[in-house]
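Analysis of the macromolecular model
For reference, the chains in residue letters:
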Amino acid sequence: FILETGLESVPQSLLQLTAISVYTQRGIEVASTAYISVLVSIACVLSKVYVFCSSVDRHLVLLKITLVCADLLALFYTTQVLWECQENQICHRIPFLTREVDRPAQVWIYALSFWGVVAACVSGATPVVVWGKWALNINSSSSSANPLRKAAVWLFAQVRDLEGARFG
C-alpha cells in the first residue's frame with residue numbers, strides 16, 4: 001500500500017507531468033486523457049496521506065494531512081516548473097540544479113534543502129553526543145558502582161587478555 005504509493009504512483013505522476021510539459025513545449029497536442037490520468041494519479045497519492053498522519057488530537061491530524069498534501073502538491077508543481085520556466089518569465093537559478101525555476105518553486109527547493117541539511121547534521125551528531133555522554137558517565141569520579149564502568153572495564157580486560165595489549 002505505502003510502497004506502491006512511494007515507488008510507483010509518485011514517480012508515475014512525475015513522469016506524466018514531465019511528458020506533458022515536454023510534449024507541450026514541442027507543440028505536440030496532449031490528449032485530455034493524459035491530464036485526467038495525472039489528476040487521478042495525484043488524487044490517489046493524496047488519498048493515502050492519512051496513513052502517515054496519526055495523532056491523538058484530531059486537529060493535529062488535520063494539520064498534518066494538510067501539510068503533507070501541500071508538500072506533495074509543491075513537489076508536483078516544482079516538477080512542472082522545472083520544464084516550463086522560459087526566458088520570457090522571471091526564472092531563478094538554483095546552484096545545484098541545471099534548470100531555472102520560478103520563485104515559489106525556488107523557495108520550496110531551498111526550504112527542503114535546508115531541512116535535509118538539518119536532518120543530516122542531527123543524525124550525524126547524535127551518535128557523537130551519545131558516545132560522549134556515555135564516555136563521561138563511565139569516567140566520572142563517582143562511577144565505581146556504575147554498571148557501565150564495570151562492563152567497560154571487563155570488556156577492556158578481555159580484549160587485553162586476548163590481544164596481549166595494555167590499556168592505561
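Because the structure is a prediction, the values reported are computed rather than measured.

1. A look at the overall build of the protein
Tallying secondary structure elements over the protein gives five helices and zero strands in all. For the protein, buried positions account for 26% of its 168 residues. Considering only contacts within the protein whose residues lie at least 6 apart along the sequence, 39% involve residues at least 24 apart. For the protein, the accessible surface area stands at approximately 12200 Å², while carbon and sulfur atoms represent 67% of it.

2. Examining the packing of helix H2 (residues 32–47) against helix H3 (residues 58–84)
The description of two packed helices rests on the angle between their axes and on the distance between the axes. Put simply, H2 and H3 touch, their axes get as near as 10 Å, and they point 150° apart. Between H2 and H3, the angle is such that the two are roughly antiparallel. The element H2 and its partner H3 pack so that their crossing is right-handed. For the pair H2 and H3, contact is made by Ile-42, Val-45 and Leu-46 and by Cys-69, Leu-72, Leu-73 and Phe-76, respectively. A breakdown of the residues in the contact of H2 with H3 according to their chemical character gives seven nonpolar, no polar and no charged.

3. A word on the side chain of Gln-80
Tracing the chain through its elements places Gln-80 in helix H3. Residue contacts for Gln-80: discarding those within four places in its chain leaves Leu-17 and Ser-21.

4. So, a nonpolar patch on the surface
A grouping of Tyr-50, Val-51 and Phe-52 is seen on the molecular surface, where their side chains present a nonpolar patch of about 330 Å² in accessible area. One can find Tyr-50 in the loop between H2 and H3.

5. Overview of the nonpolar core
Counting twelve residues, the largest nonpolar core consists of Val-10, Leu-17, Ile-20, Val-30, Val-38, Ile-42, Val-45, Val-49, Cys-53, Cys-69, Leu-72 and Phe-76. Secondary structure elements with two or more residues in this core: helix H1 (2–25), H2 and H3. In this structure Cys-53 touches Val-61, Lys-64, Ile-65 and Val-68, once residues within four positions along its chain are discounted. Ranked by size, the runner-up nonpolar core spans nine residues in total, among them Val-81, Cys-85, Cys-91 and Ile-94.

6. Notes on the side chain of Thr-78
Assignment of secondary structure puts Thr-78 in helix H3. Thr-78 gets classed as buried once you look at its relative accessible area, which sits at 4%. If near-sequence neighbours (up to four positions away) are discounted, Thr-78 is found in contact with Ala-105, Trp-108 and Ile-109.

7. Some points on H2
Taking 1.5 Å of rise per residue, 16 residues should cover 22 Å, and H2 covers 22 Å from first to last C-alpha, within 8% of that figure. Burial in H2 covers these residues: Val-38, Ser-41, Ile-42 and Val-45. When H2 is viewed along its axis, its buried side chains cluster within an angular range of 95° and face the same direction. In H2, those exposed residues whose orientation departs by more than 90 degrees from the buried face are Thr-33 and Leu-39.

About the thresholds
Residues numbered from 1 in each chain as written. Predicted model: local features only at pLDDT ≥ 70, side-chain atom pairs only at ≥ 80, totals over all residues. Heavy atoms only, no water. Helix = DSSP H or I, 4+ residues; strand = E, 2+ residues; numbered from the N terminus. Buried < 20%, exposed > 50% of the residue type's maximum accessible area, 1.4 Å probe, protein only. Contact = heavy atoms within 4.5 Å. Areas by Shrake-Rupley, 256 points an atom, 1.4 Å probe, with all protein chains shown as cover. Axes fitted to C-alpha atoms, helices over the stretch in contact; angles between N-to-C directions. Parallel < 35°, antiparallel > 145°, perpendicular 65-115°, else oblique. Left-handed = near helix turned anticlockwise from the far one by under 90°. Nonpolar A, V, L, I, M, F, W, Y, C, P; charged D, E, K, R; others polar. Patch = residues over 30% accessible without salt bridge, like charges linked within 9 Å, V, L, I, M, F, W, Y side chains within 5 Å. Salt bridge = Lys/Arg side-chain N within 4 Å of Asp/Glu carboxyl O. Core = buried A, V, L, I, M, F, W, Y, C linked by side-chain atoms within 4.5 Å. Expected span 1.5 Å × (residues − 1). Arc of directions from axis to C-beta.

Any link to function would need more than the numbers given here.
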